[in-house]
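Observations on the three-dimensional arrangement
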Amino acid sequence: MSVLLTLIPAVLLFLLAIMLMRTARFTRPPYTYPPLPLPKCEADIAAEHLAEALRFRTITLTNQPPPEPEAFTAFHAWLEQRYPRVHASLERLRFGHYSQLYIWHGKNSELAPVLFSAHLDVVPADEGLASGWRYPPFEGVIADGAVWGRGALDMKGSLVAIFEAVEHLLREGYQPERTIYLALGEDEEIRGQRGAAQIATWLAEQGIHPLAVLDEGGAVTEGMVRGIHGPIALIGVSEKGFAVLHLKAEGESGHAALPPQDNAISLLARALTRLVAQPLPARLEHIRHLFAAVGSAASPTSQFLLANTWLFGPWLTRRLSRDPRTNALIRTTLTPTLIRGGVKENVLPPQAEAWLNARILPGENPITVLEHVRRVVDDPNIQIEIVPGAAWAPSPVSPTHTPAYQALHQVITSVYPHALVAPYLMVMASDARYYAQICPQVYRFIPYALTPTDLEGIHGTNEHLSIENLGRMIQFYVLLMRVWGQSDLTYRE
């Protein structure tokens with residue numbers, strides 16, 4: 001017994017030494033790149049242009065044609081008027097109804113191109129007096145140092161900044177070594193079938209596989225990731241998959257005065273309760289990659305715990321699961337979003353239905369989610385299916401050790417010198433998933449700095465983009481087009 005008591009402290013010290021060594025390797029200082037000189041830009045003029053762009057009501061609605069299709073054609077005409085050099089120098093192809101692909105031919109056609117993606121459409125906005133908007137959402141008002149209106153953040157701000165950048169470079173006489181594509185989808189907000197999907201299909205048919213793609217995604221934020229202090233630029237290197245599952249419980253109709261032990265609604269409620277109690281398993285690799293990228297900039301406690309998930313993994317999982325923002329990064333989420341059942345308050349329902357929204361972690365797919373739901377529900381009286389056409393797999397995870405990613409990192413820190421840069425898993429869908437089928441390096445990042453309050457404007461009220469942000473976005477796109485347009489930017493394992 002005395003020998004055992006002597007060994008216990010030694011074993012504990014050995015384990016502590018291992019954990020400290022793992023923490024030391026995990027918390028290396030984040031890599032820094034020399035800053036690039038920033039180009040001058042006229043942010044005030046660009047703000048006027050963005051305000052004009054927001055006045056085009058390019059709204060899309062699910063399973064419906066655009067309510068104002070003429071807004072898309074008018075927006076095209078406006079782009080031609082405002083950016084004459086772009087339209088004189090770049091080739092333009094049309095897809096779907098209103099989508100466009102601009103081709104800025106490089107000096108060396110043998111080099112793989114790069115692609116910048118944006119979308120023309122916006123979600124609807126409540127325009128009533130009680131909507132809460134400080135300024136009408138489709139009037140493109142410039143006030144308080146910002147441009148206000150639907151689409152300012154998602155994503156006409158980026159679209160205008162991209163065109164401002166190309167116009168700026170053309171004004172300087174610049175021509176890239178490699179071809180640069182500008183892809184403008186018309187329906188990203190309603191799954192992108194007519195826009196990005198058709199553009200990506202055409203590129204694949206032509207045998208064109210871009211070296212790198214940049215689309216919307218992360219941003220420079222602060223206070224969004226617990227355990228990391230200061231601004232952090234989050235680059236989406238993958239996005240979760242998606243599925244809508246339909247559950248239908250069958251029961252016998254009859255009078256509510258003579259109820260059976262179960263009816264369709266109670267069966268369905270029990271199934272939903274089981275699913276809440278038994279979520280899909282958690283995986284911590286995406287959180288670990290994020291914190292590993294910022295290294296010693298993370299809090300010491302976060303560093304120690306994430307460096308030793310072999311020991312603290314179960315505790316970390318419970319802690320991360322409590323916050324919806326981190327829970328979405330560690331597992332496939334399932335949530336009921338629509339329910340229907342019953343015909344009258346005194347009639348037993350013959351059936352009850354629910355629809356679940358699934359956001360699927362890389363490494364899983366819609367079929368594995370369906371199997372999980374069926375296994376957990378385990379009730380022959382409930383039919384469970386994936387809604388046809390409402391499912392896709394997660395995107396592949398893009399690498400972070402390549403020259404394209406490193407160049408992106410360098411450009412971000414040139415524009416935002418105090419920001420950390422880290423990869424993250426994007427939990428929402430974008431057009432980028434279509435380009436991931438033809439390109440191994442698809443990155444999701446919009447170069448603006450947003451507070452948590454600013455983020456609420458995306459698909460919400462009082463969406464706005466500061467003029468300072470817009471100026472930085474133009475500088476970012478000018479620099480990235482220069483760097484990604486070089487001939488020596490090659491993909492290396």
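Overview of the structure. Residue indices follow the written sequence of each chain, beginning from 1 at its first position. Two thresholds apply to this predicted model, a pLDDT of at least 70 for residue-level local features and 80 or more for giving and counting side-chain atom pairs, whereas whole-chain, interface and lining totals are computed over all residues. Derived side-chain values reflect all non-hydrogen atoms in the structure, with water molecules and hydrogen atoms excluded from consideration.

**Some thoughts on the overall build of the protein**
This is how the line gets drawn: Going along the chain from the N terminus, every DSSP run of H or I of four or more residues is numbered as a helix, and every run of E of two or more is numbered as a strand. We call two residues contacting when some pair of their heavy atoms lies within 4.5 Å. In these tables, accessible area is a Shrake-Rupley quantity obtained with a 1.4 Å probe, and a residue counts as shielded only by the protein chains included in the view. The charge count treats Lys and Arg as positive and Asp and Glu as negative. His and the chain ends do not count. In plain terms, the charge of a residue is placed at NZ if it is Lys, CZ if Arg, CG if Asp and CD if Glu.
Of regular secondary structure, the protein possesses 16 helices and 17 strands. Considered along the principal axes of its C-alpha atoms, the protein spans approximately 75 × 75 × 50 Å. Sequence-distant contacts, at least 24 apart, represent 81% of the contacts inside the protein between residues at least 6 apart. When the accessible surface of the protein is summed, it comes to about 22,400 Å², and 56% of that surface belongs to carbon and sulfur atoms. Positive and negative charge centroids in the protein, built from 40 and 47 side chains respectively, lie 8 Å apart.

**Let's talk about the layout of surface pockets**
Under the convention used in this document: With a 1 Å grid spanning the protein atoms alone, the term cavity applies to any set of points in which a 1.4 Å probe fits but cannot get out, the term pocket to an open set with protein on both sides within 12 Å along at least five of seven lines, and the term lining residue to any residue with an atom within 4 Å of a point. Grid points are joined across faces, edges and corners, and a volume is the space filled by probe spheres set on the points. In this count, Pro and Cys sit with the nonpolar residues alongside Ala, Val, Leu, Ile, Met, Phe, Trp and Tyr, while Asp, Glu, Lys and Arg are called charged and the others, Gly among them, polar.
When its volume is computed, the second largest pocket comes out at roughly 350 Å³. No other element matches the three residues that helix α13 (residues 403–415) contributes to the lining of the second largest pocket. Its residues placed into classes, the lining of the second largest pocket shows ten nonpolar, five polar and two charged.

**Comments concerning the packing of aromatic side chains**
Within a pair of aromatic rings, the relevant descriptors are the distance that separates the centres and the angle that separates the planes. Definition in use: For Phe, Tyr and Trp, where Trp contributes only its six-membered ring, two rings pair if their centres lie within 6.5 Å, and the inter-plane angle classes them as stacked under 30 degrees, edge-to-face over 60, or tilted in between. Here's how the labels work: a residue is buried when its accessible area is under 20% of the maximum for its type, exposed when over 50%, partly exposed in between, all with a 1.4 Å probe on protein chains only.
Evaluation of the coordinates by the stated rule reveals 17 aromatic pairs. With a centroid separation of 5.9 Å and an interplanar angle of 80°, the aromatic rings of Trp 104 and Tyr 174 are classed as edge-to-face. One end of the pair, Trp 104, is in strand β2 (residues 99–104); the other, Tyr 174, is in the loop between α5 (156–171) and β6 (180–185), with 70 residues separating them in the sequence. Residues Trp 104 and Tyr 174 agree in their burial class; the two are buried. The rings of Phe 56, Phe 75, Trp 78, Tyr 83, Tyr 102 and Phe 163 are connected pair by pair, giving a single aromatic cluster.

**Comments concerning helix α16 (residues 467–484)**
Rules: One fewer than the residue count of a helix, multiplied by 1.5 Å, yields its expected span.
An ideal rise of 1.5 Å per residue puts 26 Å on 18 residues; α16 measures up with 26 Å between its terminal C-alpha atoms. With 15 of its 18 residues buried, α16 lies for the most part within the structure.

**Some words on the packing of helix α7 (residues 264–277) against helix α12 (residues 366–377)**
When two helices pack together, you describe them by how their axes are tilted relative to each other and by the distance separating the axes. Definition in use: Between N-to-C directions, angles cover 0 to 180 degrees, with each direction set by a line fitted to C-alpha atoms, over the stretch in contact for helices. If you view the pair so one helix is near and one far, a crossing is left-handed when the near helix is turned anticlockwise from the far one by less than a right angle, and right-handed when it is turned clockwise.
In the contact formed by α7 and α12, the axes pass within 9 Å of each other and the chain directions differ by 115°. Here α7 runs over α12; the crossing is right-handed. For the pair formed by α7 and α12, the contact residues are Ala 271, Arg 274 and Leu 275 on the first element and Val 373, Val 376 and Val 377 on the second.

**Side note on the nonpolar core**
Rules: Throughout this description, the term nonpolar core refers to a set of buried Ala, Val, Leu, Ile, Met, Phe, Trp, Tyr and Cys residues connected via side-chain atoms within 4.5 Å.
Ranked by size, the top nonpolar core spans 76 residues in total, and within it Phe 116, Met 481 and Trp 484 carry the most contacts. For this core, the element with the highest residue contribution is α16, accounting for twelve residues. Excluding anything up to four places from it in sequence, Phe 116 contacts Ile 162, Ile 180, Tyr 181, Leu 182, Ala 183, Leu 214, Tyr 477, Leu 480, Met 481 and Trp 484.

**Quick word on the pattern of salt bridges**
Opposite charge on two side chains allows them to pair when their charged atoms are near. Rules: When a carboxyl oxygen of Asp or Glu is within 4 Å of a side-chain nitrogen of Lys or Arg, the pair counts as a salt bridge.
The tally for this structure, following the rule as stated, stands at 19 salt bridges. Close ionic contact of Arg 57 with Glu 127 constitutes a salt bridge, the shortest N to O distance being 2.7 Å. Pair noted here: Arg 57 is in the loop between α2 (43–54) and α3 (70–82) and Glu 127 is in the loop between β3 (114–119) and β4 (141–143), with a separation of 70 residues, a long-range link. Taking relative accessible area as the criterion, Arg 57 reaches 23% and is therefore assigned partly exposed. For the salt bridge of Glu 250 with Lys 248, the shortest nitrogen-to-oxygen distance reads 3.8 Å.

**Regarding the pairing of strand β7 (residues 212–221)**
Keep this limit in mind: Two strands make a pair as long as DSSP finds a minimum of two bridges between them.
Where burial is concerned, most of β7 is hidden: nine out of the ten residues are buried. As defined by bridge partners, β3 adjoins β7 across three bridges and the pair is classed as parallel. By the bridge assignment, Phe 116 is partnered in β7 with Leu 214. Note: β7 against strand β16 (residues 442–450), six bridges, orientation parallel. Looking at the pairing, Thr 221 lines up with Leu 450 of β16. As paired elements, β7 and strand β8 (residues 232–239) share two bridges and run antiparallel to each other. Its bridge partner being in β8, Thr 221 is matched across the sheet by Ile 232.

**Brief notes about a nonpolar patch on the surface**
Operational definition: In this analysis, a patch consists of residues with relative accessible area above 30% that form no salt bridge, clustered at 9 Å for like charges and at 5 Å for the nonpolar side chains Val, Leu, Ile, Met, Phe, Trp and Tyr.
Nonpolar side chains collect at one region of the surface, where Ile 8, Val 11, Leu 12, Phe 14, Leu 15, Trp 310 and Leu 311 lie side by side and expose about 670 Å² of accessible area between them. Mapped onto the nonpolar patch, the elements with two or more residues apiece are α1 (2–26) and α10 (309–321). In terms of residue count, the dominant contributor to the nonpolar patch is α1 (five residues). Note that Phe 14 resides in helix α1.

**So, the pairing of strand β13 (residues 351–360)**
β13 sits mainly inside the fold: eight of its ten residues count as buried. When strand β9 (residues 241–250) meets β13, the two strands line up antiparallel, connected through ten bridges. Residue Glu 250 lies in a different strand from β13, and its bridge partner there is Gln 351. In this sheet, β13 lies alongside strand β11 (residues 333–341) in antiparallel orientation, the contact comprising eight bridges. Pairing of Thr 333 across the sheet is with Arg 359, part of β13.

**Describing the sheet that holds strand β17 (residues 464–466)**
A sheet is described by the order of its strands in space; here three strands give the open sequence β4-β5-β17, paired in antiparallel fashion. With one partner strand each, in any of the chains shown, β4 and β17 form the two edges of the open sheet. Neighbouring strand axes in the sheet, compared pairwise and without regard to direction, differ in orientation by 25° on average. Bridging between strand β5 (residues 146–148) and β17 involves three bridges; their strand directions are antiparallel. Across the sheet, residue Trp 148 finds its bridge partner in β17, namely His 464. Its contacts with the sheet place α16 against β4, β5 and β17, and it is angled at close to 70° to β17.

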